[in-house]
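So you can see what is in the structure, the chains are spelled out below.
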Amino acid sequence: MTGPIIKVRDVAWVRLGSPDLDEAERFLTDFGLLRQVRTDDALYMRGTGEAHHLHITQRGPDRVLGIGFYADSESDLHRLAAHAAGASGVMELNEPGGGKVVRLKEHNGFTIEVVHGIAEVAKLPERHSVMNTGAARERLGEFQRIDPRPCQAKRMGHAVLSTPDIEGSVAWAHRHLGFVVSEHVHAEDDPDTLLASFNRADRGEDYVDHHIMMFGRHSRAGLNHISYEVQDIDDLHAGHDWMKQRGHHHLWGIGRHLLGSQIFDYWKDPWGRVHEHWTDTDVLNAAMPARVVPKSQGLRSQWGPQAPPEFRDAASV
Ligand SMILES: [Fe+2]
């Protein structure tokens, strides 16, 4: 079979092992997620969107346990189980939210969970700032007041893996998850050396986020970061102040990426796993060809600080 086995719809969640659920919940609550269910052994956090949960913490050693993606249908789960080497069968997810899963190992051995039929929950009210800009006055007779508070994470946005064999990782993801390339970053002096690969879901004419999975070349395989969309720039800044005041480890931001264009802010959880807030991504569709850009544009901020070495080296296992 050539071409992808299936095309996933979106990224669903990250599953992390953490030794202390109280500490995990404190960080994630300050980060802007909300407890959906907590059991003796696991914590399921939601955002304001319809996903039952988008961050799972299992009590145990500090480990990256999996990254979840939504399949379009249960028949896609069966197709993946039948055609992907080493895939599990289609299994019930015996946890809150239910649904079904196929588990498989990506190129470096990290677990990928492709899921379908997870329960949805009612959306929660969201705070959106109405901005009066140089071009248009849209907030008329209303005051802009931002209370101190965590931001409101809406949904999971993407996952980024560091990988020593980036070509192999990208090929695996394209075949098993059906991504298309939005932008590839190449070495300045060698267009054949791939340094980073930004991949989006293939939804044809529908516009989707610039990337839901990215790979960066690195000497070690690991999770570079996971990312959550917040409501807007006021929400992101208010969330930044809240996290700072609560003593969390800030890594990089606030800035605006060049590739993807998101306004971003990065934080480390108590075990060093990098969690990003972003707002205002580029959205692309099938009419947009893959772009190739040089290294100088790869991790560039259009404004705000440039990436510290600690960010480039993040590779949690
Ligand atoms: Fe990111």
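Computed from a predicted model, the values in this text were never measured in an experiment.

Q: I'm lost on the overall build of the protein chain in this one. Help?
A: The helix and strand inventory of the protein chain stands at 6 helices and 20 strands. Along the first, second and third principal axes, the C-alpha atoms of the protein chain reach 60 × 55 × 35 Å. For the protein chain, the proportion of its 317 residues judged to be buried stands at 53%. Sequence separation of at least 24 residues holds for 68% of the intrachain contacts in the protein chain that already meet a minimum separation of 6. Element-wise, carbon and sulfur atoms account for 50% of the exposed surface of the protein chain, whose accessible area totals about 13800 Å².

Q: When you look at the sheet that holds strand β14 (residues 222-230) in this model, what are you seeing that I'm missing?
A: Either a parallel or an antiparallel arrangement is found when strands of a sheet pair, and the pairing is made through backbone hydrogen bonds. With respect to topology, 10 strands assemble into an open sheet ordered β19-β10-β11-β13-β9-β14-β17-β16-β15-β20, the strand pairing being mixed. Strand pairing shows two members of the sheet lacking a second neighbour, β19 (291-294) and β20 (301-303), which therefore form its edges. Here the average twist between neighbouring strands, direction ignored, is 30°. Two elements, strand β15 (residues 249-257) and strand β16 (residues 263-268), share 6 bridges in a ladder whose sense is antiparallel. Looking across to β16, one finds that Gly253 is bridged to Asp265. In the packing of helix α1 (residues 21-31) onto the sheet, contacts are made with β14, β16 and β17 (274-279), and the angle to β17 comes to roughly 15°.

Q: For this particular structure, what's the right way to read the packing of aromatic side chains?
A: All chains considered together, the criterion is met by 8 aromatic pairs. Ring centres of Phe31 and Tyr228 lie 6.0 Å apart, and the angle between their planes is 85°; on these two criteria the pair is classed as edge-to-face. Of the two residues, Phe31 is situated in helix α1 and Tyr228 in strand β14; the sequence distance between them amounts to 197 residues. The class of Phe31 is buried, set by a relative accessible area of 0%. Taken together through their ring pairs, the aromatic side chains of Trp252, Phe264, Tyr266 and Phe311 make up a single cluster.

Cut-offs and rules
- Residues numbered from 1 in each chain as written.
- Predicted model: local features only at pLDDT ≥ 70, side-chain atom pairs only at ≥ 80, totals over all residues.
- Heavy atoms only, no water.
- Helix = DSSP H or I, 4+ residues; strand = E, 2+ residues; numbered from the N terminus.
- Buried < 20%, exposed > 50% of the residue type's maximum accessible area, 1.4 Å probe, protein only.
- Contact = heavy atoms within 4.5 Å.
- Areas by Shrake-Rupley, 256 points an atom, 1.4 Å probe, with all protein chains shown as cover.
- Pairing = 2+ DSSP bridges.
- Axes fitted to C-alpha atoms, helices over the stretch in contact; angles between N-to-C directions.
- Phe/Tyr/Trp six-rings, centres within 6.5 Å; stacked < 30°, edge-to-face > 60°.

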